[in-house]
Amino acid sequence: MAKVVLCLGLIAASVARGQEPMQEAEAAFRSGDVKRAATLARDVLANNPNSVEAHMLLGIIASQNATWVSAIQNFEAMIRLTPSNPQGYFYLGQAYLYQQKWDQAAKNFVLALERSYPDRGRINVELAFAENEAGQPRKALQTLANIPAPSAGPLAAQYYAVSAFARGNLHEPSLAIEAMQRAIEIDALNPQYWEFIISTHLNMNQPSLALAEAINAQKCFPDQQEIQYLFGLAGYYMNNPSLVRVALQNLSDTNPGSAQQVVLLGMVHRLEGKGDQATSEFLEASRRGVTGAHLLLGLIFKEKGDLAGAERELLEAERANPASGQVALELGKILLGRGETSEAALRLQRAERYMPTNAAVQYELARLYNRLGQKQKSEECLQKFKQLRQTDPTFAAPRQ
Amino acid sequence: MRHQLEKASFSRRHFARILGGLAALHPALQGAQGETSSFDFSLLADRITSNPMFFIRRHGATPAETPESPTFSIEGEVSRKLTFRYEELVRLPRKTIAATIECAENPAGGGLVSTAEWTGIRLQELLEHAQPLSSCRFVRLHGGDSYVRTIPLAKASHPDSLAVYLMNGDELPSAHGHPLRAVIPGWYGTDSVKWLRKIELTAKDIDQANLLEGETTAMQIKSAFARPLDGAVIFGHGFVVRGAAWAGEDLVERVELSVDGTHTWQQARLLDRPEPYTWVRWQWDWQIPVSGLYELAVRAVDSRGRIQPPERDPNRLDSYGQNNYQKVRVTVVWPK
């Protein structure tokens, strides 16, 4: 995305064009002859080290090649030469964004904005993205609120996607899904948007909704590894081995021997009642770095009565995915069982944020508050539990 | 359309059939409680379709469950009119066959087709009990939903034509004809009457069920994509294309793929041993030469040399037997 913006930025940049070799360099860049463009720009700089245009072009070319030191040097030179020009700050912010240096990216975007960067929509979306990733989701939402929501095009989709990411970080999964659905309405061809929705449904313990989205997504993106994996995961939580087999087959076609494939194989074994084989596959997957395997192992160990093993795996799962309501619930149950009420409360309250309509969460909260002597709160949770268990399918049919 | 109408040699039967097709397709003309659900080809993994994923096509309401002990009768041109209780039927020698059933109106690439293992009693055996008269030529299958279908006695007497009570080893689900349905393998689903209550033997084809034209009887050779499907976005430089092909009573001989607007064809690998009645899964490894838009087409050839046509015959005014090539358009995107 940012690469395209860099190219467009070059075309749109309001920089003076006086020297013929520089124009030639830009023309070469636009025609795709990047090597020649870089040579010509370097020639320009040899004659005039203060050429802002040459620094910009070389910085953009370096960014495209991910040679960040050179990119940053050139963008910093632009800023040094024309400190009032917002372009240098914008490009520098993008260079940091690409390197996931969120704070520095945000700082430069703000400086560009202060210098009246012309494309306010674009830069605010980039700034909000950086702020959210830097751990400031609320600030990100405020930044987005500074501009009218774009109505069409990739920027509009990105606007809603960033909003969804921020809502996710604020533990507002329903609003996050709503925002991401708007992003998909505008741009259905970005697999990451689908991945977000499916993962969020899974984190909210809504496997049937996750599966419905995943079935559509796997049709749209048949060779996207993450989509196929999430499809398999949703099939597993719906106790449907044939769907997990489809995902496994698709994943094998796309990336044979992947660690995610090992997880799915374990799931098929588990759904077919081959517990030991499943455990062995999940252990292998966890050794190979699949973080999702920890939750699966945690559930298996818990079933076997190995609570210490279960807790160890669930803590790993929590480290990998702090937004998982299910992990929080399972961990909360174990901690409550052991009498660690404050740690349990932390997890169960988080589980409630992620799974507000989950009956089991309310039941565990009722137990927690009862244990803490907070009878009224306990009673409220119990009432919620009684209401929710009528409609919560995951409560009626506990997952395997 | 007008041109087609002018070209067609019209008859009352044709007209009735067209109306029948429209009524089946148009929701406003369907029975209030009709139901259609397709098999999602993107979920094809095993050769056998699980019961919940098996397609459903029902034009009216599911008939009310029969009494505790449902009965089934054989009458008409027979020496002995018979009535069986369900419990008696299931005690008779059973036979299991795998068969793909396709709705006669399934369009190219449509999911009104699935494969199951069917267990039941041979119709032949039931007919023998009733002793058909020598004048008997046809068998009328009566469903509990008032649907009636006539098939030739010869097909009904084929050892693979069954009165079925188990689907993939489980009790026949309600939507698939519980407690008993016909399975006439290799013929379109329209003949596999659900909720079977009565078999009537006749000397004449009372329903004039197109038996002479063969349009809605034996299934055509046909193939379908499981992946990629229309509109898919592919990011890799290679892609495993998968799907299924079926040929009714015949065997699928080969499946071919085109990625260049049907100019050239590549042969796919069959993943199952071809057998009568049952689809085979196929696979083709596509090495993608360049990113961009592609139109993929699939066609199959059977052991009788039948090959799928590129297009639907424009003179066909009904919606049956649509076995032209399936085409899907996909976008291949290679990130720079």
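So, how was this worked out
Residues numbered from 1 in each chain as written. Chains lettered and ligands numbered in written order. Predicted model: local features only at pLDDT ≥ 70, side-chain atom pairs only at ≥ 80, totals over all residues. Helix = DSSP H or I, 4+ residues; strand = E, 2+ residues; numbered from the N terminus. Buried ≥ 20, exposed ≤ 12 C-beta atoms within 10 Å, placed from the backbone. Contact = placed C-beta atoms within 7 Å. Nonpolar A, V, L, I, M, F, W, Y, C, P; charged D, E, K, R; others polar. Pairing = 2+ DSSP bridges. Axes fitted to C-alpha atoms, helices over the stretch in contact; angles between N-to-C directions. Parallel < 35°, antiparallel > 145°, perpendicular 65-115°, else oblique. Left-handed = near helix turned anticlockwise from the far one by under 90°. Domains from an automatic or database assignment. Core = buried A, V, L, I, M, F, W, Y, C linked by C-beta atoms within 7 Å. Expected span 1.5 Å × (residues − 1).

The next subject is the overall build of chain B. Of the regular secondary structure elements, chain B holds 5 helices and 21 strands. Considering chain B as a whole, with its 336 residues, one finds that 40% of them fall into the buried category. Summarising the internal contacts of chain B: among those between residues at least 6 apart in sequence, 70% fall at separations of at least 24.

What follows concerns the interface of chain A and chain B. Between chain A and chain B, the contact holds 16 residues from the first and 17 residues from the second. Of all the elements in the fold, those that place two or more residues in the side of chain A that touches chain B are α13 (207-220) and α15 (241-254) of chain A. Class assignment of the residues belonging to the side of chain A that touches chain B gives a composition of 7 nonpolar, 5 polar and 4 charged.

All names here are of chain B. Overall, antiparallel pairing links the 4 strands, which are arranged β13-β15-β19-β18 in an open sheet. Since the sheet does not close on itself, it has two edges, and those belong to β13 (222-227) and β18 (269-270), each with one partner. The pairing of strand β15 (residues 238-246) with strand β19 (residues 280-287) spans 8 bridges and is classified as antiparallel. Opposite G243, over in β19, you have W282 as the bridge partner.

Here we come to the environment of B:R269. All names here are of chain B. Turning to its location among the elements, R269 is positioned in strand β18. Given 11 C-beta atoms within a 10 Å radius, R269 is considered exposed. For the pair R269 and V255, spaced 14 residues apart in sequence, the C-alpha separation works out to 7.6 Å. If we skip the residues at most four places from it in the chain, R269 touches W282, Q283 and W284.

What follows covers the sheet that holds strand β20 (residues 292-302) of chain B. Residue and element names in this part refer to chain B. Pairing in this open sheet of 5 strands is mixed, and the strands run β14-β21-β20-β16-β17 from one edge to the other. The outermost strands of the open sheet, each flanked by one partner alone, are β14 (233-234) and β17 (266-267). Here β20 runs beside strand β21 (residues 326-332); their pairing, made up of 7 bridges, is antiparallel. From the neighbouring strand, E295 faces β21, where its bridge partner is R329.

Attention now moves to the packing of helix α5 (residues 68-81) of chain A against helix α6 (residues 86-98) of chain A. Residue and element names in this part refer to chain A. Closest axis-to-axis distance for the α5/α6 pair is 8 Å, and the angle between their directions is 160°. By the angle between their axes, α5 is roughly antiparallel relative to α6. Classified by chirality, the crossing of α6 by α5 is left-handed. On α6, the residues that touch W68, A71, I72, F75, E76, M78 and I79 of α5 are Q87, G88, Y89, Y91, L92 and A95.

Turning our attention to the domain arrangement of chain B. Residues and elements named next belong to chain B. Domain annotation for chain B reports domain 1 (31-202) and domain 2 (222-332). The interface is formed by 18 residues belonging to domain 1 together with 22 residues belonging to domain 2. The element contributing the most residues to the side of domain 1 that touches domain 2 is strand β5 (residues 95-102), with 4 residues. Of the residues contributing to the side of domain 1 that touches domain 2, the split by class is 10 nonpolar, 6 polar and 2 charged.

Before going further, it helps to spend a moment on the nonpolar core. Ranked by size, the top nonpolar core spans 203 residues in total, and within it A:L57, A:V162, A:M180, A:A183 and A:A234 carry the most contacts. Top contributing element to this core by residue count: helix α10 (residues 153-169) of chain A, with 9 residues. When we break this core down by domain, the ones giving at least three residues each are domain 1 (31-202) and domain 2 (222-332) of chain B.

Another point: the environment of A:V110. By the element assignment, A:V110 lies in helix α7 (residues 102-114). Through-space distance from the C-alpha of A:V110 to that of A:N124 is 8.8 Å; in sequence the pair is 14 residues apart.

Time to look at helix α18 (residues 292-303) of chain A. If you check α18(A), its first and last C-alpha atoms are 18 Å apart, about what 12 residues at 1.5 Å a residue would give, namely 16 Å. Taken residue by residue, α18(A) has A:G292, A:A293, A:H294, A:L295, A:L296, A:L297, A:G298, A:L299 and A:I300 as its buried positions.

This paragraph deals with the pairing of β13(B). All names here are of chain B. Most of β13 is tucked away: 6 of the 6 residues are buried. For β13 and β15, the ladder comprises 5 bridges, and the chain directions are antiparallel. Opposite R227, over in β15, you have R242 as the bridge partner.

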